Amino acid sequence: ASNKTGFSPLTFILTGIPGLPMSNYWIAFPLSSLYLLMLLGNCTLLWTIKTDRSLHTPMYYLLSMLAVTDLGLSVSTLPSMLAIFWFESTSLHFDACIIQMYFIHSFSAIESGVLVAMAFDRFIAICYPLQYASVLTSSLIMKAAGVIFMRGVCVVLPVAVLIKKLPFCRSMLLSHSFCLHQDMLRLACGDVRVNSLYGLTAVILTKGLDSLTILLSYVMIVRAIMSTISHEARAKAFSTCISHLCAVLVFYIPLIGLSIIHRFGKHLHPLTHTLMADAYLLVPPVLNPLVYSWKTKQIHRRILTLLHWRG
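Everything numeric in this text was worked out from a predicted model, so none of it was measured.

Asker: Explain the overall build of the chain here, please?
Answerer: Across its full length, the chain holds ten helices and two strands. Put simply, the chain runs from its N terminus to its C terminus through helices and strands in the order β-α-α-β-α-α-α-α-α-α-α-α. The proportion of buried residues among the 311 residues of the chain is 45%. Residue pairs at least 24 apart in sequence account for 78% of intrachain contacts in the chain once pairs closer than 6 positions are excluded. If you sum the accessible surface of the chain, you get close to 16300 Å²; carbon and sulfur atoms cover 72% of it.

Asker: How should I be thinking about the state of the cysteines in this particular structure?
Answerer: By definition, a disulfide links two cysteine residues through a covalent bond between their sulfur atoms. Considering all chains together, one arrives at one disulfide under this definition. We note that Cys127 lacks a disulfide partner, and the nearest cysteine sulfur, in Cys241, lies 9.0 Å from it. For Cys127, a relative accessible area of 23% puts it in the partly exposed group.

Asker: Explanation requested: the packing of helix α2 (residues 58-87) against helix α3 (residues 94-127) in the structure shown.
Answerer: Working note: a packed helix pair is described by the angle between its axes plus the distance between those axes. Remark: α2 packs on α3, axes separated minimally by 9 Å, with the N-to-C direction vectors making an angle of 160 degrees. The orientation of α2 relative to α3 falls into the category roughly antiparallel. In the packing of α2 onto α3, the handedness of the crossing is left-handed. Of the residues that constitute the contact of α2 with α3, the class distribution is 15 nonpolar, seven polar and four charged.

Asker: Help me out: how do you make sense of the pattern of salt bridges in this one?
Answerer: Opposite charge on two side chains lets them pair, provided their charged atoms get close. Throughout the structure, instances matching the rule amount to five salt bridges. A salt bridge links Arg122 to Asp121, with the nearest nitrogen and oxygen atoms 2.7 Å apart. The burial state of Arg122 is the same as that of Asp121; both residues are buried. One salt bridge connects Arg151 with Asp210, and the closest N-O pair in it is separated by 2.7 Å. In this pair, Arg151 is assigned in helix α5 (residues 138-164) and Asp210 in helix α7 (residues 193-226), connecting sequence segments 59 residues apart. Since its relative accessible area comes to 6%, Asp210 is described here as buried.

Asker: What is the right way to look at the UniProt feature "transmembrane region" (unreviewed entry) in the chain in this model?
Answerer: Mapped onto the present numbering, the UniProt feature "transmembrane region" (unreviewed entry) falls at residues 25-48, 60-87, 99-120, 140-163, 197-221, 242-262 and 274-294. For residues 60-87, helix accounts for 100% and strand for 0%, while the C-alpha atoms at its two ends are 39 Å apart. Secondary structure within residues 140-163 divides into 100% helix and 0% strand; the distance between the first and last C-alpha atoms comes to 36 Å.

Asker: I tried to follow a nonpolar patch on the surface on my own but got confused; where do I start?
Answerer: Residues Leu205, Leu209, Leu212, Leu215, Leu216, Val219 and Met220 make up a contiguous nonpolar surface patch of roughly 660 Å² in combined accessible area. Looking at the secondary structure, you find Leu215 in helix α7.

Asker: Help me understand α5, please; the structure alone is not making it clear to me.
Answerer: Counting along an α-helix, one turn takes 3.6 residues, and residues three or four places apart therefore face a common direction. Compared with the 39 Å implied by 1.5 Å per residue over 27 residues, the 39 Å span of α5 between its first and last C-alpha is a close match. All of the buried residues in α5 are Ile141, Ile148, Gly152, Val155, Val156, Val159, Ala160 and Ile163. Buried residues belonging to α5 abut α2, α3, α6 (181-185) and α7.

Asker: Sorry if this is basic, but what is going on with the environment of Pro79 here?
Answerer: By the element assignment, Pro79 lies in helix α2. Pro79 gets classed as exposed once you look at its relative accessible area, which sits at 53%.

Asker: Sorry, what's going on with the nonpolar core here?
Answerer: Taken as a class, soluble globular proteins show a tendency for nonpolar side chains to be buried jointly. Ranked by size, the top nonpolar core spans 74 residues in total, and within it Leu115 and Met184 carry the most contacts. Of all the secondary structure elements, the ones that give two or more residues to this core are α1 (25-51), α2, α3, α5, α6, α7, α8 (231-264) and α9 (270-295). For this core, the element with the most residues is α3, which contributes 16 residues. Those residues in contact with Met184, other than ones at most four positions away along the chain, are Phe12, Cys97, Ile98, Met101, Ile163, Phe168, Leu174 and Cys179.

Asker: Looking at this model, I keep getting lost on the side chain of Ser112. Mind explaining?
Answerer: The topology assignment puts Ser112 in helix α3. Ser112 has contacts with Arg151, Thr206, Lys207, Asp210, Phe251 and Tyr252, leaving out every residue within four places of it along the chain.

Asker: What's the story with the confidence of the model for the chain in this structure? I'm lost.
Answerer: Chain-level pLDDT for the chain is 83 on average; 85% of the residues reach the 70-or-more range. The model gives residues 1-8 a pLDDT under 50, and that stretch makes 13 contacts with residues more than four places away or in other chains.

Asker: Where do I start with α2 in this structure?
Answerer: Across its 30 residues, α2 extends 43 Å between first and last C-alpha, which sits within 8% of the 44 Å expected from 1.5 Å per residue. Along α2, the helix axis deviates most sharply at Leu78, where the bend reaches about 40 degrees; the proline Pro79 sits within four residues downstream. Here α2 lies mainly inside the structure; 21 of its 30 residues are buried. One or two residues past the end of α2 sits Glu88, with phi positive at roughly 55 degrees.

Asker: Looking at this model, I keep getting lost on the side chain of His244. Mind explaining?
Answerer: With respect to the helices and strands, His244 occurs in helix α8. Judged by its relative accessible area of 2%, His244 falls in the buried class. At a separation of 2.8 Å, a polar atom in the side chain of His244 contacts the main-chain carbonyl oxygen of Leu115.

About the thresholds
Residues numbered from 1 in each chain as written. Predicted model: local features only at pLDDT ≥ 70, side-chain atom pairs only at ≥ 80, totals over all residues. Heavy atoms only, no water. Helix = DSSP H or I, 4+ residues; strand = E, 2+ residues; numbered from the N terminus. Buried < 20%, exposed > 50% of the residue type's maximum accessible area, 1.4 Å probe, protein only. Contact = heavy atoms within 4.5 Å. Areas by Shrake-Rupley, 256 points an atom, 1.4 Å probe, with all protein chains shown as cover. Disulfide = S-S within 2.5 Å. Axes fitted to C-alpha atoms, helices over the stretch in contact; angles between N-to-C directions. Parallel < 35°, antiparallel > 145°, perpendicular 65-115°, else oblique. Left-handed = near helix turned anticlockwise from the far one by under 90°. Nonpolar A, V, L, I, M, F, W, Y, C, P; charged D, E, K, R; others polar. Salt bridge = Lys/Arg side-chain N within 4 Å of Asp/Glu carboxyl O. UniProt positions renumbered as here; feature names shortened; annotations may be inferred. Patch = residues over 30% accessible without salt bridge, like charges linked within 9 Å, V, L, I, M, F, W, Y side chains within 5 Å. Expected span 1.5 Å × (residues − 1). Core = buried A, V, L, I, M, F, W, Y, C linked by side-chain atoms within 4.5 Å. pLDDT = per-residue confidence, 0-100. Bend = angle between axes of the 7 residues up to and from the residue. Polar contact = N/O pair within 3.5 Å; in protein donor to acceptor, adjacent residues only side chain to side chain.

In structure tokens:
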């Protein structure tokens, strides 16, 4: 399909796992199991928080937002990945690729914002415990959720609009089983400076500022904890942050690794790119429910009671 500036491909060709045949059930079965585990874990988490009134607190409202975002992030990649490994279908229409790319990056930005809100929750709970109930009201949580959602939606929208206008006249082969902005951008044959600049600006204004905010929050949290005389109180305060810290590390480490590889690791084996991208999109939604269920006694007891009742 031609336009005024060049040629736009009708389809992109997605890549499975380099070095392995497309029709590989040893990959399809574990991948499907991961998606099922993700769906079961996050849906169980949401159901538990909804049905247990003792969990209707700001921390668990934020945890619900994290679970919904993880579901959205995983479902965004589900169709193309399962189509590759189950049905050997590697082609994806240009518009569908842009839509998938938009949802992946939007949910990623939303998840980053939720992690910031959860860091603020821990900061208030530890540094200003007496003001916790008056500061973190349900109204504030709802407003924060709206701001986080709108930021993720609006910041990524220009990325999709700008890449839609680019001409693509090179190879249509992408490096992953789904569409990412950096991966699509390298196939464009027009001037991508505006796209690259805005993409970098969007990352800095979302994940860059978010990571710095989380870091600053934990610096202040650690200072408050270390000023506590009681060792028992210190241990209890640290234990309330472990789940959130795990969620932050699980999200940001693959994200930073993927960004570095895309910009400076072009000489690396394609398998490295694939594994890092898969870890970035699949590992957090799978691990977050497990981490919070393990560390949060109310959720852990509720799930065990449910399993015992069904048994």
